[in-house]
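Descriptive structure summary
Here's the letter readout for the chains.
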Amino acid sequence: MSAIDSHPHPPALKAADLGVRYGSLQALDGVSWTVDDGEILGIIGPNGAGKSSSFAAVTNAVRRTGRVDLYGDRVDGVPTHRLARRGLRRTFQQNSFFGGLSVRDNAVAALAVEEGVSLGGSLCAPWREIAQRRRHRAAATRLLAEFGIPAKYHGLPPDNIPHGVQRCLSIVLAYGAGARVLLVDEPAAGIGGEDLARLAELLRELRGRGLAVLLIEHHMDLVMEIVDRLLVIDRGRPLAYGDPSEVQRDPAVLEAYLGGSG
Ligand SMILES: Nc1ncnc2c1ncn2[C@@H]1O[C@H](COP(=O)(O)OP(=O)(O)O)[C@@H](O)[C@H]1O
Ligand SMILES: [Mg+2]
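A quick note: this is a predicted structure, and the numbers were derived from the prediction, not measured.

Thresholds applied
- Residues numbered from 1 in each chain as written.
- Chains lettered and ligands numbered in written order.
- Predicted model: local features only at pLDDT ≥ 70, side-chain atom pairs only at ≥ 80, totals over all residues.
- Heavy atoms only, no water.
- Helix = DSSP H or I, 4+ residues; strand = E, 2+ residues; numbered from the N terminus.
- Core = buried A, V, L, I, M, F, W, Y, C linked by side-chain atoms within 4.5 Å.
- Buried < 20%, exposed > 50% of the residue type's maximum accessible area, 1.4 Å probe, protein only.
- Domains from an automatic or database assignment.
- Contact = heavy atoms within 4.5 Å.
- Salt bridge = Lys/Arg side-chain N within 4 Å of Asp/Glu carboxyl O.
- Buried area = accessible area lost by both parts, 1.4 Å probe.
- Polar contact = N/O pair within 3.5 Å; in protein donor to acceptor, adjacent residues only side chain to side chain.
- Axes fitted to C-alpha atoms, helices over the stretch in contact; angles between N-to-C directions.
- Parallel < 35°, antiparallel > 145°, perpendicular 65-115°, else oblique.
- Nonpolar A, V, L, I, M, F, W, Y, C, P; charged D, E, K, R; others polar.
- Phe/Tyr/Trp six-rings, centres within 6.5 Å; stacked < 30°, edge-to-face > 60°.
- Lys NZ or Arg CZ within 6 Å of the ring centre and 35° of its normal.

On to the environment of S52. In this structure, S52 sits in helix α1 (residues 51–58). Taking C-alpha positions, S52 is 18 Å from R229, a pair spaced 177 residues apart along the chain.

Listed below in structure tokens is the structure:
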């Protein structure tokens, strides 16, 4: 994005001065960021720094202070499920699938969310429902194939597919359900090698399609490879924010986080 491009179009997600308190613990304090369409913002920091709490905060899943704007609209007080319908979606550190359904049917369910399928219509016109179901199955298969979920897994329950593919699947489902701003919490936890490359490719692909992505991740190689900007949080406070390579060289970051692990 060039300076000339700075027309008055609001960022996808703007969080200002977020604060979260659990009892006597101030888990998050004065954390701010913006992320634009077609951009990946990385969020890093030691365990317990407040990274996941920042996702809970912007999605109004916890009580918080501060201000959040989604595409220029103030959304303080808008319930989590409404934010999801408006395109602000989160994936969790633990996968959450419909365990009784196949991978493909999980994708069908995600697409149905996006379309807002009504049950009333299907009771009146069952043949229409059958046609619609067939369309959804085809669309689900396309969605999965397009994002590299191998066809041999489509008929299996998500729990029976490799862990790395599960991580990608949960992101694909969030996209299928209509994410425009996607919050991804430690997708690379417990995966490596080919799965990591697949994950990086997927996140790049979503960015290419114009999604705004927030990525919490411990895996520094992945972070440095794909994020456009980087925010470091330490003990609930922002430590550094900006260009990834500059942030990585920031003395405060080196001391508190990147260099302090040895
Ligand atoms: N629901 C909760 N109730 C009480 N304390 C919590 C809760 N969730 C997180 N915490 C605490 O808040 C701090 C920040 O947690 P979290 O946001 O999960 O950090 P991170 O994701 O960076 O590891 C930690 O000290 C954690 O123990
Ligand atoms: Mg966390």
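And the narrative resumes.
In this structure, I149, L169, I171, L182, L199, L203 and I226 are the most contacted members of the largest nonpolar core, which totals 47 residues. For this core, the element with the highest residue contribution is helix α6 (residues 163–176), accounting for seven residues. When residues of this core are assigned to domains, at least three map to each of domain 1 (1–87 + 179–191 + 207–262) and domain 2 (96–177). Here L169 is in contact with F97, V103, L144, I149, P158 and I161, once residues within four sequence places are set aside. Counting 29 residues, the second-largest nonpolar core is a separate cluster that includes V35, L41, V58 and V78.

One pass over the full model with this rule turns up 13 salt bridges. One salt bridge in this structure joins D195 and R198, with 3.8 Å as the shortest N-O distance. Within this pair, D195 and its partner R198 are both found in helix α7 (residues 193–208), separated by three residues, close to a single helical turn. Taking relative accessible area as the criterion, D195 reaches 19% and is therefore assigned buried. With relative accessibility at 24%, the residue R198 sits in the partly exposed group. For R207, the salt bridge is made with D228, and the minimal N-O distance between the two is 3.1 Å. One end of the pair, R207, is in helix α7; the other, D228, is in the loop between α8 (220–226) and β9 (229–234), and 21 residues separate them in sequence. Several salt bridges converge on common partners, so that one network encompasses R64, R74 and D76.

Assigned domains of the protein chain: these are domain 1 (1–87 + 179–191 + 207–262) and domain 2 (96–177). Relative to domain 2, the C-alpha centre of domain 1 lies at a distance of 28 Å. Of the residues lining the interface, 11 residues belong to domain 1; the matching set on domain 2 comes to nine residues. When the two sides are added together, the surface that domain 1 and domain 2 hide from each other amounts to roughly 800 Å², 60% of it contributed by carbon and sulfur. At the junction of domain 1 with domain 2, the criterion picks out one salt bridge. Our count for the contact surface shared by domain 1 and domain 2 stands at three residue pairs in polar contact (both at pLDDT 80 or more).

Turning our eyes to something else, we now look at the packing of helix α3 (residues 103–115) against α6. Following both chains from N to C, one finds α3 and α6 inclined at 30 degrees, their axes separated by 7 Å at the closest point. Overall, the two elements α3 and α6 adopt an arrangement that is roughly parallel. Mapping the contact onto sequence places V103, N106, A107, A110, L111 and E114 in α3 and L169, L173 and G176 in α6. A per-class count over the contact of α3 with α6 returns six nonpolar, two polar and one charged.

With that settled, consider the environment of V103. By the element assignment, V103 lies in helix α3. V103 sits 86 residues away from D17 along the chain, and the two C-alpha atoms are 39 Å apart. Not counting chain neighbours up to four residues away, the residues in contact with V103 comprise L144, I149, Y153, H154, L156, P157, P158, I161 and L169.

We describe a pair of aromatic rings using the distance from one ring centre to the other and the angle between the two ring planes. Summed over all chains, the structure comprises one aromatic pair. Judged by centre distance (5.2 Å) and plane angle (75 degrees), the rings of F147 and Y175 are edge-to-face. Of this pair, F147 sits in the loop between α5 (126–146) and α6 while Y175 sits in helix α6, and the two are 28 residues apart along the sequence. Just above the ring of Y71 sits the side chain of R180; from NZ or CZ to the centre is 4.1 Å.

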